[in-house]
Amino acid sequence: MPILVVDDHRTMQAIVAHQLRDLGFLSVDTAGDAVTALIMLAQRRYRLILSDWNMEPMSGIALLENLRRDPSYASTPFILITAETRPENVLEARRLGVDGYLVKPFDRAGLKAKLAAVLGAF
């Protein structure tokens, strides 16, 4: 299952990619911003996207909004990873079609639980 991790912090990219590989997902790519992610998404079909919320020049929520308008990615599982915990942010993400919301900091068990909630047992 090809997975794309989008985060503007290289350390966070590496942590999430490493945790995914530890959980058995071997095809993990990373992008440092949402604009790069859109280019990568046009070149390869990803089956899961995990994205940070707060990035420049395009936020993770804007990336989600773009993908939900694209028929080829409209139903692709999308998990936002963020420190944002305000209820209005969670509601906005749900309105735009996010499949999961993972609050930083998290550990491998938290990531696994979120993935299971979104993907089912693996």
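For the structure itself, consult the block above.
About the criteria used
Residues numbered from 1 in each chain as written. Predicted model: local features only at pLDDT ≥ 70, side-chain atom pairs only at ≥ 80, totals over all residues. Heavy atoms only, no water. Buried < 20%, exposed > 50% of the residue type's maximum accessible area, 1.4 Å probe, protein only. Helix = DSSP H or I, 4+ residues; strand = E, 2+ residues; numbered from the N terminus. Arc of directions from axis to C-beta. Axes fitted to C-alpha atoms, helices over the stretch in contact; angles between N-to-C directions. Parallel < 35°, antiparallel > 145°, perpendicular 65-115°, else oblique. Left-handed = near helix turned anticlockwise from the far one by under 90°. Contact = heavy atoms within 4.5 Å. Nonpolar A, V, L, I, M, F, W, Y, C, P; charged D, E, K, R; others polar. Salt bridge = Lys/Arg side-chain N within 4 Å of Asp/Glu carboxyl O. Pairing = 2+ DSSP bridges. Phe/Tyr/Trp six-rings, centres within 6.5 Å; stacked < 30°, edge-to-face > 60°.

*Asks:* Which parts of the structure should I look at to understand helix H3 (residues 60-69)?
*Replies:* For the α-helix, the turn length of 3.6 residues means that residues three or four positions removed from each other point alike. Three or more residues of H3 are buried, namely Gly60, Ile61, Leu63, Leu64, Leu67 and Arg68. When H3 is viewed along its axis, its buried side chains cluster within an angular range of 155 degrees and face the same direction.

*Asks:* What's the story with the packing of helix H2 (residues 34-43) against H3 in this structure? I'm lost.
*Replies:* When two helices pack together, you describe them by how their axes are tilted relative to each other and by the distance separating the axes. At their nearest, the axes of H2 and H3 sit 10 Å apart, and the two run at 25 degrees to each other. In terms of orientation, H2 and H3 fall into the roughly parallel class. In terms of crossing hand, the pair formed by H2 and H3 is right-handed. Contacts between H2 and H3 involve Ala34, Ala37, Leu38 and Leu41 from the former and Leu63, Asn66 and Leu67 from the latter. Along the lines of polarity and charge, the residues of the contact of H2 with H3 split into 6 nonpolar, 1 polar and no charged.

*Asks:* Mind showing me how you'd approach the pattern of salt bridges here?
*Replies:* A full pass over the atoms with the stated rule returns 6 salt bridges. With its nearest N and O atoms 3.3 Å apart, the salt bridge here joins aspartate 52 to lysine 104. Pair noted here: aspartate 52 is in strand S3 (residues 48-52) and lysine 104 is in the loop between strand S5 (100-103) and helix H5 (108-119), with a separation of 52 residues, a long-range link. Among the residues examined, aspartate 52 registers a relative accessible area of 4% and is labelled buried.

*Asks:* I would appreciate a short explanation of the sheet that holds strand S2 (residues 28-31) in the present structure.
*Replies:* Strand pairing within a sheet occurs via backbone hydrogen bonds; the two strands may be parallel or antiparallel. Taken together, the 5 strands give an open sheet; going across it, the order is S2-S1-S3-S4-S5, and neighbouring strands pair in parallel fashion. Since the sheet does not close on itself, it has two edges, and those belong to S2 and S5, each with one partner. Sheet twist, expressed as the mean angle between neighbouring strand axes with direction ignored, is 20 degrees. Pairing geometry for S3 and strand S4 (residues 78-82), over 4 bridges, is parallel. Opposite leucine 50, over in S4, you have isoleucine 79 as the bridge partner. Lying on the sheet, helix H1 (residues 10-22) is in contact with strand S1 (3-6), S2, S3 and S4; it crosses S2 at an angle near 170 degrees. Strands in contact with H5 are S3, S4 and S5; relative to S5, the strand with the most contacts, it is inclined by about 175 degrees.

*Asks:* Looking at this structure, how should I read the side chain of serine 51?
*Replies:* Mapping serine 51 onto the fold places it in strand S3. Ignoring sequence-local partners within four residues, the contact set of serine 51 consists of Val6, Gly60, Leu63, Phe78, Ile79, Leu80 and Ile81.

*Asks:* Just checking my understanding: could you explain the packing of aromatic side chains for this structure?
*Replies:* Two descriptors summarise a pair of aromatic rings, namely the distance from one centre to the other and the angle between the planes of the rings. Summed over the entire model, instances satisfying the criterion amount to 2 aromatic pairs. An angle of 90 degrees between the planes, with centres 6.2 Å apart, marks the rings of tryptophan 53 and tyrosine 101 as edge-to-face. Note that tryptophan 53 is positioned in the loop between S3 and H3 and tyrosine 101 in strand S5, a separation of 48 residues in sequence. Residues tryptophan 53 and tyrosine 101 agree in their burial class; the two are buried.

*Asks:* Teacher, can you tell me more about the packing of H1 against H5 here?
*Replies:* With their axes 10 Å apart at the nearest point, H1 and H5 run at an angle of 70 degrees to one another. By the angle class used here, H1 and H5 are roughly perpendicular. H1 and H5 meet at a crossing whose hand is right-handed. Contacts from Val16, Gln19, Leu20 and Asp22 of H1 reach H5 at Arg108, Leu111 and Leu115. Among the residues forming the contact of H1 with H5, the class breakdown is 4 nonpolar, 1 polar and 2 charged.

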